[in-house]
Amino acid sequence: MIRYIPKKKFFLLLGDIAIIYLAFIVAPIVRFRVFFIDLIQPVNEVVMVMTIYLIFYYIADLYSFENRFISPRYIYRFLSASAIAAGTVILFFFFFPKHSIGRGIFIIHAILIAFFTYIWRLMFETIFKKYIFKQKNVIIIGTGTSGSQMYRILQNDTTSRIVGFIDEDPKAIEPHHSLPVLGNHTILEDIVEKEHIETIIIAIKSLKNTELLKSIVQCKIKGVNVYNIPSYFEEVLGKIDIDHLSDEWIVNIPLYGVKRGVYNRRVKRIIGIVFATSILLITLPILFIAIIAIKLDSTGPVFFRQKRIGLNREPFEILKLRTMKVGTENDRRHAGKKEDPRITRVGRMLRLFRIDEIPQLLNVLKGDMNFIGPRALMLEEVEEFEKKIPYFSMRHSIKPGVTGWAQVNYPHGATVKDAIEKLKYDLFYIKNLSPFLDFHIILRTIRVVLFGKGAR
């Protein structure tokens, strides 16, 4: 389960929840001009409408702070998500008429939600972002390779301000660091108090200095957040840092993805069958059009079949719509490139919206794959990456998936560097697999399909 939820996104979400609830109270007052506040609203209607709006707001990435809330792109996404959510609410009341509300109240309710959730965002941006959610002060312990890695990561984090480094050797600072070594363990507590440090990151693989350890403990007792690099990667970045992975770490931590619990053995399989069957039925017209387009665009079969590696390294035959010219699929020189000459004109469109992946749902029904899991790789890729990347074989401890945590977080690529980055996300999924994380991946997948992010 993902433990890290940014405070800014959490407060923005709470505001949306409050506004949607208040809209239920205010809409009848506006409609009938009668001041009567009914705080106890019908629970089913409130929960369903709230769920619909929050899901579509999330899919549209309206809780992201990458773009300003007044940017045309954000306004377009906001209006589109609000309109689609309102339309979905109409469908809900149409199919479940006993929960119906009046048309006049519904229109007012939809307008109130759209207007005030956007006003809430403008207020949030001008007041909360400027005066309440300030940058947190961070100090890094260690100036070696791990310290350099954390320095580069935190430089791109707008929510953090790196105050400096703590190291037993003040002259050990790497030349590309622009920040000073503030001192050794003897001044750590003073620096934390003087600079109002909120987070300490231990960038030392093996912390053997007992005096330094005591100083860190004292800081933690006083409320300072303390991370080592693996815990920072996992809790904040949503991935596992394989450079700090060890057999001992694997032995001592729970791997929820490989546990033989009810969810992993039964519920996940049922969910996969339900999703696969539903999506296949819904997308039949799209598949039919895609098949015709493939036949008209290039010669060769409509479907692409290939051996892939599944659970416990067992091979199986994967099924996709063909997006490449016949005979070029095993030429990996261009794999992962944005302009892959092997891909046909129709294939580019199919890949953009992940339509070529739909036949894999038949593999889900057969039991070769789950709906959610690591990407299924070719034997050649597996053999290459297992030789070059430690713990790569761990990704075969669960079934591969049509979508997954790595797929929604990292774009498609076929190099060793890409495989390392994707493995970090796959290991996070294996360690933290849960119904909540699977639901999160499904929502992120919908966003990827709709906006084409990461597609190649």
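Every chain is numbered on its own, with residues counted from 1 as its sequence reads. Local features are withheld for residues below a pLDDT of 70 in this predicted model, meaning they are given only at 70 or higher, and side-chain atom pairs are given and counted only at 80 or more; totals for whole chains, interfaces and linings count all residues. With hydrogens and water stripped out, all remaining heavy atoms of the structure feed into the side-chain values.

Looking at the overall build of the protein
Then, in step 1: Assigned secondary structure in the protein consists of 17 helices and nine strands.
Then, in step 2: Taken across its 456 residues, the protein has 47% of its residues classed as buried.
Then, in step 3: Residues are treated as being in contact if the distance between any of their heavy atoms lies within 4.5 Å. Across the protein, every contact between residues at least 6 apart in sequence was considered, and the portion connecting residues at least 24 apart equals 72%.
Then, in step 4: Computed with the Shrake-Rupley method and a 1.4 Å probe, the accessible areas treat only the protein chains shown as cover for residues. Accessible area of the protein: about 24,500 Å², with a carbon and sulfur share of 63%. Helix numbers and strand numbers start at the N terminus; a helix is a DSSP run of H or I with at least 4 residues, a strand a run of E with at least 2. Burial status follows relative accessibility: with a 1.4 Å probe on protein chains alone, a residue under 20% of its type maximum counts as buried, one over 50% as exposed, and anything between as partly exposed.

Structural notes on the pairing of strand 7 (residues 315–321)
Then, in step 1: Most of strand 7 sits out of view: five of its seven residues are buried.
Then, in step 2: Note: two strands are recorded as paired if DSSP finds a minimum of 2 bridges between them. Here seven bridges tie strand 6 (residues 303–309) to strand 7, and the two strands are oriented antiparallel to one another. Within the sheet, the bridge partner assigned to glutamine 306 lies in strand 7 and is isoleucine 318.
Then, in step 3: Hairpin connection from strand 6 to strand 7: five residues lie between these consecutive antiparallel strands, with asparagine 312 at a positive phi of about 55°.

Quick word on helix 5 (residues 145–155)
Then, in step 1: Turning to helix 5, its buried residues are Ser146, Gly147, Ser148, Gln149, Met150, Tyr151 and Leu154.
Then, in step 2: Tucked inside the fold, the buried residues of helix 5 contact strand 1 (136–141), strand 2 (160–166), strand 4 (199–202) and helix 8 (229–237).

Let's talk about the sheet that holds strand 2
Then, in step 1: The sheet built from five strands is open, its strands ordered 3-2-1-4-5 with parallel pairing. Strand pairing shows two members of the sheet lacking a second neighbour, strand 3 (181–183) and strand 5 (225–228), which therefore form its edges. Within the sheet, the average angular offset between the axes of one strand and its neighbour, ignoring direction, is 30°.
Then, in step 2: The sheet contact formed by strand 1 and strand 4 spans four bridges and is parallel. Opposite isoleucine 141, over in strand 4, you have isoleucine 202 as the bridge partner. Orientation is described by axes fitted as lines to C-alpha atoms, over the contacting stretch for helices, and by angles from 0 to 180 degrees between their N-to-C directions.

Topic: the packing of aromatic side chains
Then, in step 1: Only the six-membered ring of Trp is used, alongside the rings of Phe and Tyr, when aromatic pairs are assigned; centres must lie within 6.5 Å, and planes under 30 degrees apart are stacked while those over 60 apart are edge-to-face, with the rest tilted. According to the stated counting rule, one finds twelve aromatic pairs in the structure shown.
Then, in step 2: Arranged with centres 5.6 Å apart and planes meeting at 85°, the rings of tyrosine 227 and tyrosine 232 form a pair that is edge-to-face.
Then, in step 3: Under the relative-accessibility criterion, tyrosine 227 is labelled buried at 13%.
Then, in step 4: Grouping aromatic residues by their ring pairs yields a cluster made of Tyr53, Tyr57, Phe78 and Tyr118.
Then, in step 5: Lysine and arginine charges are scored as sitting over a ring when NZ or CZ, respectively, is within 6 Å of the ring centre and within 35 degrees of the ring normal. Across the ring face of tyrosine 58, the terminal group of arginine 447 is positioned such that the distance to the ring centre comes to 4.6 Å.

A word on the packing of helix 10 (residues 262–282) against helix 11 (residues 284–297)
Each pair of packed helices can be summarised by the angle the axes make with each other and by the distance between the axes.
Then, in step 1: Following both chains from N to C, one finds helix 10 and helix 11 inclined at 60°, their axes separated by 4 Å at the closest point. Considering their axes alone, helix 10 and helix 11 lie oblique with respect to each other. From helix 10, Leu280, Leu281 and Ile282 reach across to helix 11, where they touch Leu284, Pro285 and Leu287.
Then, in step 2: Put simply, Ala, Val, Leu, Ile, Met, Phe, Trp, Tyr, Cys and Pro go in the nonpolar bin, Asp, Glu, Lys and Arg in the charged bin, and everything else, Gly too, in the polar bin. In terms of residue class, the contact of helix 10 with helix 11 is built from six nonpolar, no polar and no charged. Convention used here: angles under 35 degrees read as roughly parallel, angles over 145 as roughly antiparallel, angles from 65 to 115 as roughly perpendicular, and any remaining angle as oblique.

What to know about the pattern of salt bridges
A side chain of one charge can pair with a side chain of the opposite charge if their charged atoms are brought near each other.
Then, in step 1: For salt bridges, the criterion is a side-chain nitrogen of Lys or Arg within 4 Å of an Asp or Glu carboxyl oxygen. Scanning the entire structure with this criterion turns up 15 salt bridges.
Then, in step 2: Lysine 431 is paired through a salt bridge with glutamate 234; the nearest N and O atoms lie 2.7 Å apart. Of this pair, lysine 431 sits in helix 16 (residues 416–432) while glutamate 234 is found in helix 8, placing the two residues 197 residues apart along the sequence. The residues lysine 431 and glutamate 234 share a single accessibility class, namely buried.
Then, in step 3: For the salt bridge of lysine 424 with glutamate 421, the shortest nitrogen-to-oxygen distance reads 3.0 Å. Taken together, the residues lysine 424 and glutamate 421, both in helix 16 and three residues apart, mark about one turn of the helix. Taken as a pair, lysine 424 and glutamate 421 share a single burial class, namely buried.
Then, in step 4: One salt-bridge network, in which partners are shared between bridges, spans Lys239, Glu421 and Lys424.

What about the nonpolar core?
Then, in step 1: The biggest cluster of nonpolar side chains holds 51 residues, and the ones touching the most others in it are Leu321, Trp405, Leu427 and Tyr429.
Then, in step 2: Of the residues forming this core, the biggest block, seven residues, is contributed by helix 16.
Then, in step 3: Formed by 35 residues, the second largest nonpolar core is a distinct cluster that contains Val49, Ala81, Ala86 and Phe128. Nonpolar cores are built from buried Ala, Val, Leu, Ile, Met, Phe, Trp, Tyr and Cys residues. Side-chain atoms within 4.5 Å join them into one set.

Section: the confidence of the model for the protein
Should the pLDDT be low somewhere, the predicted coordinates at that spot are not to be read in detail.
Then, in step 1: Each residue carries a pLDDT value, the predictor's own confidence for that position, ranging from 0 to 100. Looking at the protein as a whole, the pLDDT averages 86, with 89% of positions reaching at least 70.
Then, in step 2: Across the protein, helix 13 (residues 360–366) holds the top mean pLDDT of 96, while helix 4 (residues 103–132) sits lowest at 84.

A look at the environment of threonine 88
Then, in step 1: Along the polypeptide, threonine 88 turns up in helix 3 (residues 72–95).
Then, in step 2: Separated by 39 residues in sequence, threonine 88 and valine 49 place their C-alpha atoms 8.9 Å apart.
Then, in step 3: Threonine 88 has contacts with Ile52 and Phe56, leaving out every residue within four places of it along the chain.
Then, in step 4: Looking at threonine 88, its side chain comes within polar contact range of the main-chain oxygen of isoleucine 84, at 2.8 Å. The term polar contact refers here to a pair of N or O atoms within 3.5 Å; inside protein, the definition further demands a hydrogen-donor-capable atom paired with an acceptor-capable atom, and it admits residues adjacent in sequence only when both atoms are side-chain atoms.

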